[in-house]
Amino acid sequence: MRCFGDGDPLMEAYHDEEWGMPVLDEHGLFERMSLEAFQSGLSWRTILNKREAFRAAFAGFDPDAVARFDEADVARLLADAGIVRNRAKIEATLANARATVALRGDEPLQALIRRHAPGRQDPAPTTWAGARSKTPETIALARELKHADFRFVGPTTLYALMQACGLVNDHLAGCPARAGVERARRAAGL
């Protein structure tokens, strides 16, 4: 039995093929951080259903391109029915792109996030009630990212990012995807 998504082909595919598989590059982390911020207060299925429209609207989540967006782009995005039209989240995505680019001179986004990856949760959770929603590491990461001018990066959102990008493996103990995610994590040096 899957952790989530049974009976919904979009969610099943996301669970089986993506959730927890390592994504460790700047571009991939920026995209997923942006989508996690847009998901806040909404269902993940809503975001997945709109993901291609988000990618088109936000230049494929290329941080350099999004960092150059201006007020005309904000207006364009607010008029785009294919995405979640929330001014604060749109402006946060632009600010986060600029902050991502600015981090490159010091500690790049991918290094900063990886440095804050929580340790293993042993044993693996058997129910969602036993899974974490934030950790001391994601609390510290949220503080550092906010100091670097990131927005919509609370500890719970960042823990969801860690789960989605394979920095932790929170597939439930009996989930058929857990072992494959763990193999992929080991291959990625996690």
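Anything mentioned here points back to the structure above.
About the criteria used
Residues numbered from 1 in each chain as written. Predicted model: local features only at pLDDT ≥ 70, side-chain atom pairs only at ≥ 80, totals over all residues. Heavy atoms only, no water. Core = buried A, V, L, I, M, F, W, Y, C linked by side-chain atoms within 4.5 Å. Buried < 20%, exposed > 50% of the residue type's maximum accessible area, 1.4 Å probe, protein only. Contact = heavy atoms within 4.5 Å. Helix = DSSP H or I, 4+ residues; strand = E, 2+ residues; numbered from the N terminus. Arc of directions from axis to C-beta. Polar contact = N/O pair within 3.5 Å; in protein donor to acceptor, adjacent residues only side chain to side chain. Salt bridge = Lys/Arg side-chain N within 4 Å of Asp/Glu carboxyl O.

## Describing the nonpolar core
Of all hydrophobic cores here, the largest spans 49 residues; its most connected members are Met33, Phe54, Phe58, Leu109, Ile113 and Leu145. When near neighbours in sequence (up to four residues on either side) are disregarded, Met33 contacts Asn96, Leu109, Ile113, Leu145, Phe150, Val153, Leu158 and Leu161.

## Section: helix H5 (residues 71-78)
For an α-helix, the turn length of 3.6 residues means that residues three or four places apart are oriented alike. Taken as a whole, H5 has its buried residues at Asp73, Val74 and Leu77. Down the axis of H5, the buried side of the element spans an arc of 105 degrees, and every buried residue falls inside it. Turned more than 90 degrees away from the buried face of H5 sit Glu71 and Ala72, all of them exposed. Close packing links the buried residues of H5 with helix H3 (44-57) and helix H6 (87-103). For H5, the side-chain oxygen to backbone nitrogen distance between the N-cap and Ala72 is 3.0 Å, and the N-cap itself is Asp70.

## Regarding the pattern of salt bridges
Counting across every chain of the model gives 14 salt bridges. One salt bridge in this structure joins Arg51 and Glu18, with 2.8 Å as the shortest N-O distance. Within this pair, whereas Arg51 is found in helix H3, its partner Glu18 is found in the loop between helix H1 (9-17) and helix H2 (26-39), the two being separated by 33 residues in sequence. Taking the relative accessible area as the measure of exposure, Arg51 reaches 13% and is therefore buried. Owing to a relative accessible area of 25%, Glu18 belongs among the partly exposed residues under this scheme. Between Glu107 and Arg115 there is a salt bridge whose closest N-O contact spans 2.9 Å. The class of Glu107 is partly exposed, set by a relative accessible area of 21%. Look at the salt bridges and you will find they share partners, linking Arg2, Asp6, Glu12 and Asp16 into a network.

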